[in-house]
Amino acid sequence: MFQLIASLAPSFLLLDLGMAISFGTIAIPSLLNAPEGISLNDNQASWFGSLSFLTQPIGALISGPVVDYFGRKKATFIVNIPHVIAWILMYYAWNIPSLFAANALLGIGTGVMEAPIMSYVSEISDASIRGTLCTITQLFLSFGVTGLYALGAVVNWRIAALICLSAPVTTMLLAIIVVPDTPVWLLSQEREKEALKSLCYLRGWTKPENVSEEFEELVNYAKALNHCVICMYEQNGEIQEKAETSCEHDKMTVIKRSFLRFKIVMLCKETLRPLFFCLSYFLFFIMSGLYPIKPYMVNVCKAMGMAENIDRIVVMVGVFTFLASILVIGSIKVLGKRKIGIFAMFGTAVCCTGLAFYSYTHLEDNVFSYDPSSYPKEKSVVPLIFFYGLTIFSGMCLPWNLLGEVFPFRSRASCQGIAAAWAYLITFLGAKTLIDLERRFRLTGVFVTYAIFAYFGTFFLYFLMPETEGKSLTEIETYYNGNFKIFADDWLINKCKKRKGKSR
């Protein structure tokens, strides 16, 4: 219960993040060729819908150093400042440059939020509930998306921006009131008493003796963190009995010492292996359909001839995203992350295939989502079903959940920032190239492209995604530090291996 309370601030960060990444969906229909006020043409609308994704990597890359320097608690407060300014600027936007500046700042703020969210929740959680707690936190992302879409149906985009301002303000208050710093970060700063107090609070205001075993494990882990990483590397990971306050490496120049530390911490296999996996997972997940079209969802749904009021479709997308998160929460302890991840990716592939086939067989060649005059007169529920399915399966994918647990402590915040920056860069490229893909290959080609990514993603996850549910952060780190496993621990793969062994 106390872990859930402590995770409220990161949860509200995700609430704000969900609103920020979805804002273009409700703003573009009003701004595109508007008869009065700020008006965007096709090209400007394309840039507005993707600009925040282009600036998000800037924030994501600095989020790791911010979290490592200020700590998880202070960082949870500080990272809200860009969004406070952005929402105010969005409300008062008086021309296109100010509108773009606000959206760019939303992107920077969204990027800088990533490391505090993922680092904090994973480090305060007990291994038995970490997957569930991370998913509950991600649920607030769905709240943000659903809430913003609902706002877009009842108020204009300026009022929606003003209402969104309440999310970062609430987060800053929660960061002051209910968020303790994580025990492992406090121990890495040699603040042992505060770390013990934090752990007791997170485990339900319990007594120190009730968490003595867990705390001792954290202390031993922190000793390794506080030891000179270069010495550790040269001693093959062995820790001397007497902790060193200084060593010969202190005599090195700052540049040389920093280079060696970077090489040892960031270029080791327990960092590079999960980083490669996460970067690949994000590529397949984002390009599997829903995220590139989100900013232009209203136009795409109309161009597909979906038989439903467009405001209702937008709201239902938020609702189905929320329901998908609930489904993951209810099944993650039983099925584990691996099965859910593979099933969800395959589901997006099937749905994109269905949308591509419908577009090929039912839409005229002149249909273009940026041209309302080309929209089909005939409406159908078929593309709507596939689109809702795509929403549900996309909501069940787990790349963001894995970010908080697959990296070692020393490189965790930095790798989370790198992975988030990569995810936003791919999202920008996907969103920005949608108009070009559609012009060249029509909506059929758009969804065929996304389906191909999703099918490749399914095979990738099947062969390389390990099961991390219920495992401690130390166990996961040990897994990636061990012998490289090309194939995941799967019953079918293991059976094939046994048959191959017998045939020899």
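Calculation notes
Residues numbered from 1 in each chain as written. Predicted model: local features only at pLDDT ≥ 70, side-chain atom pairs only at ≥ 80, totals over all residues. Heavy atoms only, no water. UniProt positions renumbered as here; feature names shortened; annotations may be inferred. Helix = DSSP H or I, 4+ residues; strand = E, 2+ residues; numbered from the N terminus. Buried < 20%, exposed > 50% of the residue type's maximum accessible area, 1.4 Å probe, protein only. Contact = heavy atoms within 4.5 Å. Areas by Shrake-Rupley, 256 points an atom, 1.4 Å probe, with all protein chains shown as cover. Salt bridge = Lys/Arg side-chain N within 4 Å of Asp/Glu carboxyl O. Patch = residues over 30% accessible without salt bridge, like charges linked within 9 Å, V, L, I, M, F, W, Y side chains within 5 Å. Lys, Arg positive; Asp, Glu negative; His and termini not counted. Charge placed at Lys NZ, Arg CZ, Asp CG, Glu CD. Core = buried A, V, L, I, M, F, W, Y, C linked by side-chain atoms within 4.5 Å.

In the annotation of an unreviewed UniProt entry, the entry for the protein reads Major facilitator superfamily (MFS) profile domain-containing protein, and the organism field reads Arctia plantaginis. Per UniProt, the comment on the protein under Subcellular location (unreviewed entry) is "Cell membrane".

**Student:** Any chance you could break down the overall build of the protein for me, citing the residues and the numbers?
**Tutor:** Along the backbone of the protein there are 22 helices and zero strands. The burial tally for the protein puts 57% of its 504 residues in the buried class. Partitioning the intrachain contacts of the protein with sequence separation of at least 6 by distance along the chain shows that 81% fall at a separation of at least 24. Just so you have it, the protein exposes about 22100 Å², and 64% of that area is on carbon and sulfur atoms.

**Student:** Report on the pattern of salt bridges, specifying residues and quantitative values.
**Tutor:** As enumerated under the stated definition, the model contains two salt bridges in all. Close ionic contact of Arg 191 with Glu 194 constitutes a salt bridge, the shortest N to O distance being 2.8 Å. On the basis of relative accessibility, which here comes to 31%, the residue Arg 191 falls in the partly exposed class. The partner of Arg 442 in a salt bridge is Asp 365, and the shortest N-O contact between them spans 3.4 Å. With a gap of 77 residues between them, Arg 442 in helix H20 (residues 409-464) and Asp 365 in the loop between helix H17 (310-362) and helix H18 (382-396) connect regions that are remote in the sequence. Since its relative accessible area comes to 19%, Arg 442 is described here as buried.

**Student:** I'd love a proper account of a negative patch on the surface, names of residues and values included.
**Tutor:** On the surface, Glu 192, Glu 213, Glu 216 and Glu 217 cluster together to form a negatively charged patch. Top contributing element to the negative patch by residue count: helix H11 (residues 212-226), with three residues. Mapped onto the elements, Glu 216 comes out in helix H11. Among the residues examined, Glu 216 registers a relative accessible area of 42% and is labelled partly exposed.

**Student:** Explain a nonpolar patch on the surface residue by residue, including any values.
**Tutor:** On the surface, a cluster of nonpolar side chains totalling about 310 Å² of accessible area is made up of Trp 47, Leu 54, Leu 425 and Leu 429. Among the elements of the structure, helix H3 (42-78) and H20 are those that each provide at least two residues to the nonpolar patch. Structurally, Leu 425 is set in helix H20. We classify Leu 425 as partly exposed; its relative accessible area is 33%.

**Student:** Before we move on, could you go through the nonpolar core and cite the residues and values that matter?
**Tutor:** Residues Phe 23, Leu 99, Tyr 281 and Phe 447 are the most contacted members of the largest nonpolar core, which totals 129 residues. Considering every element that reaches this core, the biggest residue donor is H20, with 21 residues. Residues in contact with Leu 99, not counting those within four places in the same chain, are Leu 31, Ile 38, Leu 40, Phe 48, Met 90, Ala 93 and Trp 157.

**Student:** Please give an account of the environment of Phe 12 that cites residues and values.
**Tutor:** As for its placement among the helices and strands, Phe 12 is situated in helix H2 (residues 8-31). You can call Phe 12 partly exposed: its relative accessible area is 22%. Here the alpha-carbon distance between Phe 12 and Ala 167, two residues 155 residues apart in the chain, equals 6.4 Å.

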